[in-house]
Amino acid sequence: GAVVSQHPSWVICKSGTSVKIECRSLDFQATTMFWYRQFPKQSLMLMATSNEGSKATYEQGVEKDKFLINHASLTLSTLTVTSAHPEDSSFYICSARDMVQGAGGYTFGSGTRLTVV
Amino acid sequence: AQSVSQHNHHVILSEAASLELGCNYSYGGTVNLFWYVQYPGQHLQLLLKYFSGDPLVKGIKGFEAEFIKSKFSFNLRKPSVQWSDTAEYFCAVNGRGGNKLVFGAGTILRVKS
């Protein structure tokens, strides 16, 4: 079945530095990828929709200059948390949509635990 | 705007007990409905989905869910849970033809052996 690889699975960084998270669809092409943030004991909150070859669409309240998204190919999207601060510490999850599978074709990465110290 | 409500955040059951996890959604149009499971340390996996047709949907691992349009509900059920069903369960919805999945807050299920 469809597989999405997300890397790294966890990262610790110093406040003020930037961190890049990669999301790859391994055996299908994903014209659309999604980035979620999950707070403890809360739901997955959609941050942005990443479209191959075009700008990402950010949800209300998400700072696009802080959370940079690049979707340069049909199999790779990256999320860069710029000038990270402790409040950015969270669990970030990507999802890729396999349009061949139709409406149900969402596959999720295993997530990245970001800790900013 | 779409929203999804899951009634219980934590559920503890003994093995062989029956399970029902509630999910209600708010959306003004036709929807696709999903249940995902996240086992400890693993990624989200699709349990089952409803697009149209028979409102009783059967998924993997003995799970099923029933779409009741009049109640805007899509409750997940399993007649007899196993210890291995310990996980977090998420209900999700997207508008028909839409792209975005909206998730409920999740229900952590712990099955005691």
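Structural data are supplied above this passage.
The structure displayed is predicted, hence computed values, not measured ones.

A.B. asks: How should the nonpolar core be read in this particular structure?
C.D. replies: As a rule of thumb, soluble globular proteins bury nonpolar side chains together. One finds Leu33, Trp35, Leu47, Leu48, Phe74, Leu76 and Tyr89 of chain B to be the most contacted residues of the largest nonpolar core, which totals 28 residues. Excluding anything up to four places from it in sequence, Tyr89 of chain B contacts Gln6, Leu21, Trp35, Tyr36, Val37, Leu47, Phe63, Leu76, Gly106, Thr107 and Leu109 of chain B. Membership of the second largest hydrophobic core comes to 23 residues, among which are Phe28, Met33, Ala48 and Cys94 of chain A.

A.B. asks: Just to check I follow, could you spell out the pattern of salt bridges for this structure?
C.D. replies: Opposite charge on two side chains makes pairing possible when the charged atoms of those side chains draw close. All names here are of chain B. All told, the structure shown has 7 salt bridges over all chains when counted by the stated rule. In this structure, Arg77 engages Glu64 in a salt bridge whose closest nitrogen and oxygen atoms are separated by 3.4 Å. Within this pair, whereas Arg77 is found in strand β9 (residues 73-78), its partner Glu64 is found in strand β8 (residues 64-68), the two being separated by 13 residues in sequence. The exposure class of Arg77 is partly exposed, given its relative accessible area of 22%. According to the relative accessible area criterion, Glu64 is buried, its value standing at 18%. Taking the shortest distance from any N to any O, the salt bridge between Glu66 and Arg77 comes out at 3.2 Å. In this pair, Glu66 is assigned in strand β8 and Arg77 in strand β9, connecting sequence segments 11 residues apart. Glu66 gets classed as partly exposed once you look at its relative accessible area, which sits at 28%. When salt bridges with common partners are traced through the structure, they connect Lys58, Glu64, Glu66 and Arg77 into a single cluster.

A.B. asks: When you look at the interface of chain B and chain A in this model, what are you seeing that I'm missing?
C.D. replies: A common measure of how large an interface is: the accessible area buried when the components associate. Contacts between the two partners involve 19 residues from chain B and, on the opposite side, 19 residues from chain A. Note on chain B versus chain A: buried area summed over both sides is about 1600 Å², and carbon and sulfur give 55% of it. For the chain B face of the interface with chain A, the top three residues by lost area are Asn99, Lys100 and Phe103 of chain B, together amounting to 31%. Connecting chain B to chain A are 1 salt bridge. Here Lys100 of chain B makes a salt bridge to Glu59 of chain A, at a shortest N to O gap of 3.2 Å. Between chain B and chain A we count 5 residue pairs in polar contact (both at pLDDT 80 or more) in total. When contributions to the side of chain B that touches chain A are tallied by element, the ones reaching two or more residues are β5 (31-38) and β10 (87-95) of chain B. Counting residues per element, the side of chain B that touches chain A draws most heavily on β5 of chain B, which supplies 4 residues.

Conventions and cut-offs
Residues numbered from 1 in each chain as written. Chains lettered and ligands numbered in written order. Predicted model: local features only at pLDDT ≥ 70, side-chain atom pairs only at ≥ 80, totals over all residues. Heavy atoms only, no water. Core = buried A, V, L, I, M, F, W, Y, C linked by side-chain atoms within 4.5 Å. Buried < 20%, exposed > 50% of the residue type's maximum accessible area, 1.4 Å probe, protein only. Contact = heavy atoms within 4.5 Å. Salt bridge = Lys/Arg side-chain N within 4 Å of Asp/Glu carboxyl O. Helix = DSSP H or I, 4+ residues; strand = E, 2+ residues; numbered from the N terminus. Buried area = accessible area lost by both parts, 1.4 Å probe. Polar contact = N/O pair within 3.5 Å; in protein donor to acceptor, adjacent residues only side chain to side chain.

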